[in-house]
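Commentary on secondary and tertiary structure
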Amino acid sequence: MNHHQMKFGTKAIHAGQEPDPTTGAVMTPIYQTSTFWQESPGKHKGYAYARGKNPTRTALEKCLAALEDAKHGLCFSSGMGATDAVIKLLVPGDEVITGNDLYGGTYRMFTKVFANYGIKFHFIDLSNPENIIPYINSKTKLLWVETPTNPTMQIVDIAGCAAIAKTHHITFAVDNTFASPYLQNPLHLGADIVMHSVTKYLGGHSDVIMGALLTSNDELHERLAFIHNSCGATPGPMDSFLVLRGLKTLHLRMKAHCENGIQVANFLKGHPMIEKVYWPGFTDHPNHDIAKKQMRGFGGMISIVLKDADMQKTFDIASAFKVFTLAESLGGVESLINHPATMTHASIPKEEREKAGVVDNLLRLSVGVEDIEDILADLKEVLG
Ligand SMILES: *Cc1c(COP(=O)(O)O)cnc(C)c1O
């Protein structure tokens, strides 16, 4: 059976993976080698040097491509490494349109690294795709979108953006980290490239840093693969193995994250200690209808703004949980809590941050897959 015909969970377990041809090992071996034997110069079994290609990584790239229904997949040594490769498609003078509440590290790379190379970035409100149009000119080469956004869970209409990008011949890339391919497939909605921080839901166990790019466009893939091998942000075989293992339960984990997410969001909404809850599953979320259309569930990422809490009180609350661990990152089996203003989003200037709603009394929850009774008891214990 071709993996394109399989359902999601079957792909997560099997795509790209065959019993090992030399031993019959059912699990893809960790090919811990930097180089491969050549019978005569250039005559090898498809693998020459492991920066370019390694069989453990190839299995993972095929599996991730299958999960996004993409023709091609590339794995990077981090999500930032993957984003870096996409920006390297550009040349000085080119312009990028992107959202104004991006992941902090992406904002930092765009403004502190690539702006110095003569690439211009427009950070705009993407709640309506029409907002893009005034920023388009002959130099616009890339539209970079994150949805749901981090940490305020704003929803960007992927199909709406794709239509505009197509009309103006702009490459359209979506950071699909927060939704995961279980909940959303941007290529189906017209995106050209999907980027993942594999570190998060895909790896799922908070033990690997990795990124990925998926595309069905042969030309884009060739250019990205060239950058991948030339610039060298490629992951090792052990990390590739850990992600292959994590992926085997992606569908089961995501189902549990979504179920727990619904209960936590509803518990927090209207709680007397809380001023605001950001979660795309609420019918009064400004882009709930688009979320419902492009996502198959709302995931486990929820942000809250505490009522009348200064920095100290916010810190005290963030540190008081027992089931939620205070830490950066998200998407693992364990529940995490994060203070974006001083942790994940500290590299964004305060004024920019607050414009995007990332205030000092905002906390971001990554709801894990522990028993919901224990998660709710932890929230009740701390919030009352
Ligand atoms: C974590 C994250 C990244 C960066 O990925 P790394 O694997 O940490 O390099 C990019 N985008 C989003 C939305 C993220 O959450």
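Thresholds applied
In this numbering scheme, every chain counts its residues from 1 along its sequence in written order. At least 70 in pLDDT is required for a residue's local features to be given in this predicted model, at least 80 for side-chain atom pairs to be given and counted, and no such filter applies to totals for whole chains, interfaces and linings, which use all residues. Each side-chain value is derived from all of the structure's non-hydrogen atoms; neither hydrogens nor water enter the calculation. By the criteria applied, helices consist of DSSP H or I runs no shorter than four residues and strands consist of E runs no shorter than two, each listed in order from the N terminus. Expected span of a helix, by definition, is 1.5 Å for each gap between consecutive residues, and there is one gap fewer than residues. The buried label goes to any residue with under 20% of its type's maximum accessible area, the exposed label to any with over 50%, and the partly exposed label to all in between, with areas taken from a 1.4 Å probe on protein chains only. If even one non-hydrogen atom of a residue comes within 4 Å of a molecule or strand, that residue is called near it. Pairs of N or O atoms within 3.5 Å make up the polar contacts considered here, provided that, within protein, one atom can donate a hydrogen while the other can accept it, and that residues adjacent in sequence are counted only when both atoms are side-chain atoms. Under the convention used here, a 1.4 Å probe and the Shrake-Rupley method define accessible areas, while residue burial counts only the protein chains that appear. For this classification, the nonpolar set comprises Ala, Val, Leu, Ile, Met, Phe, Trp, Tyr, Cys and Pro, the charged set comprises Asp, Glu, Lys and Arg, and every other residue, Gly included, is treated as polar. In this description, strands pair whenever DSSP reports at least two bridges between them. We call a crossover right-handed when, viewed with both strands directed away from the observer, the connection leading from the first strand over the helix to the second proceeds clockwise. Here, residues are in contact when the closest pair of their heavy atoms is within 4.5 Å. Fitted lines through C-alpha atoms give the axes, limited to the stretch in contact for helices. The angle between two N-to-C directions lies from 0 to 180 degrees. Within this document, salt bridges are pairs made up of a side-chain nitrogen of Lys or Arg and a carboxyl oxygen of Asp or Glu, the two lying within 4 Å of each other. Only protein atoms enter the 1 Å grid used here. Points where a 1.4 Å probe fits but cannot escape make up a cavity, open sets with protein on both sides within 12 Å along at least five of seven lines make up a pocket, and a residue lines them when an atom lies within 4 Å of a point. Grid points are joined across faces, edges and corners, and a volume is the space filled by probe spheres set on the points. Residue ranges assigned to each domain were obtained from an automatic or database domain assignment. By definition, the buried area sums, over both parts, the 1.4 Å-probe accessible area that each loses when the two are put together.

So, on to helix H9 (residues 250–268). Helix length check: H9 (19 residues) gives 26 Å between terminal C-alpha atoms against 27 Å at 1.5 Å per residue, within 8%. Of the residues making up H9, those classed as buried are Leu250, His251, Arg253, Met254, His257, Cys258, Asn260, Gly261, Val264, Ala265 and Leu268. Once H9 ends, the next one or two residues include Gly270, with phi positive near 80°.

Here the focus is the site of the ligand. Taken together, 14 residues form the shell around the ligand, and within it Met80, Asp175, Ser197, Thr199 and Lys200 come nearest. In this structure, an oxygen atom belonging to the ligand sits 2.6 Å away from a side-chain N or O atom of Thr199. Lys200 places a polar side-chain atom, nitrogen or oxygen, 2.8 Å from an oxygen atom of the ligand. Burial of the ligand by the protein amounts to 94% of the accessible area it has alone, namely 380 Å². The set of elements that each furnish at least two residues to the shell around the ligand consists of helix H3 (79–87) and strand S6 (193–197). Considering only residue class, the shell around the ligand consists of 6 nonpolar, 5 polar and 3 charged.

Right, let's get into the pairing of strand S3 (residues 120–124). Alignment of strand S2 (residues 95–99) against S3, held across 5 bridges, turns out to be parallel. Bridging from a neighbouring strand, Thr98 pairs with Phe123 of S3. The handedness of the S2 to S3 crossover, carried by helix H4 (residues 104–113), is right-handed.

Spatial ordering of the open sheet is given by S8-S9-S12-S11-S10, a layout of 5 strands whose pairing is mixed. Two strands close off the open sheet at either side, each with one partner strand: strand S8 (274–278) and strand S10 (325–326). Pairing between S8 and strand S9 (residues 301–306): 4 bridges, direction antiparallel. By the bridge assignment, Tyr278 is partnered in S9 with Ser303. Taken strand by strand, H9 contacts S8, S9 and strand S12 (362–366), and its axis lies near 15° from that of S9.

Bringing the pattern of salt bridges into the picture now. Counting across every chain of the model gives 13 salt bridges. Between Lys355 and Glu352 there is a salt bridge, and its shortest N-O distance comes to 3.3 Å. With Lys355 and Glu352 both in helix H12 (residues 350–355) and 3 residues apart, this pair spans about one turn of that helix. A relative accessible area of 61% places Lys355 in the exposed class. What makes Glu352 partly exposed here is its relative accessible area of 30%. Between Asp360 and Arg353 there is a salt bridge; the shortest N-O distance is 3.6 Å. If you follow the salt bridges from partner to partner, you end up with Lys350, Arg353, Glu354 and Asp360 in one network.

Let's shift gears to empty space enclosed by the protein. By the definition in use, this model includes 4 cavities of 30 Å³ or more. Empty space within the largest cavity amounts to approximately 100 Å³. Classifying every residue of the lining of the largest cavity gives 7 nonpolar, 3 polar and 3 charged.

Before going further, it helps to spend a moment on the domain arrangement of the protein chain. Domains assigned within the protein chain are domain 1 (15–247) and domain 2 (250–383). Just the C-alpha atoms count here: the centres of domain 1 and domain 2 sit 26 Å apart. With 41 residues of domain 1 in contact, the opposing surface of domain 2 contributes 43 residues. Of all residues in domain 1, Tyr182, Leu183 and Tyr201 give up the largest surface area on contact with domain 2, accounting jointly for 24% of the area buried on that side. Joining domain 1 to domain 2, the criterion identifies 0 salt bridges. For the pair domain 1 and domain 2, the number of links is 19 residue pairs in polar contact (both at pLDDT 80 or more). Mapped onto the side of domain 1 that touches domain 2, the elements with two or more residues apiece are H4, helix H5 (158–167), helix H6 (180–183) and helix H8 (237–247). Residues of the side of domain 1 that touches domain 2, tallied by class, amount to 20 nonpolar, 16 polar and 5 charged.

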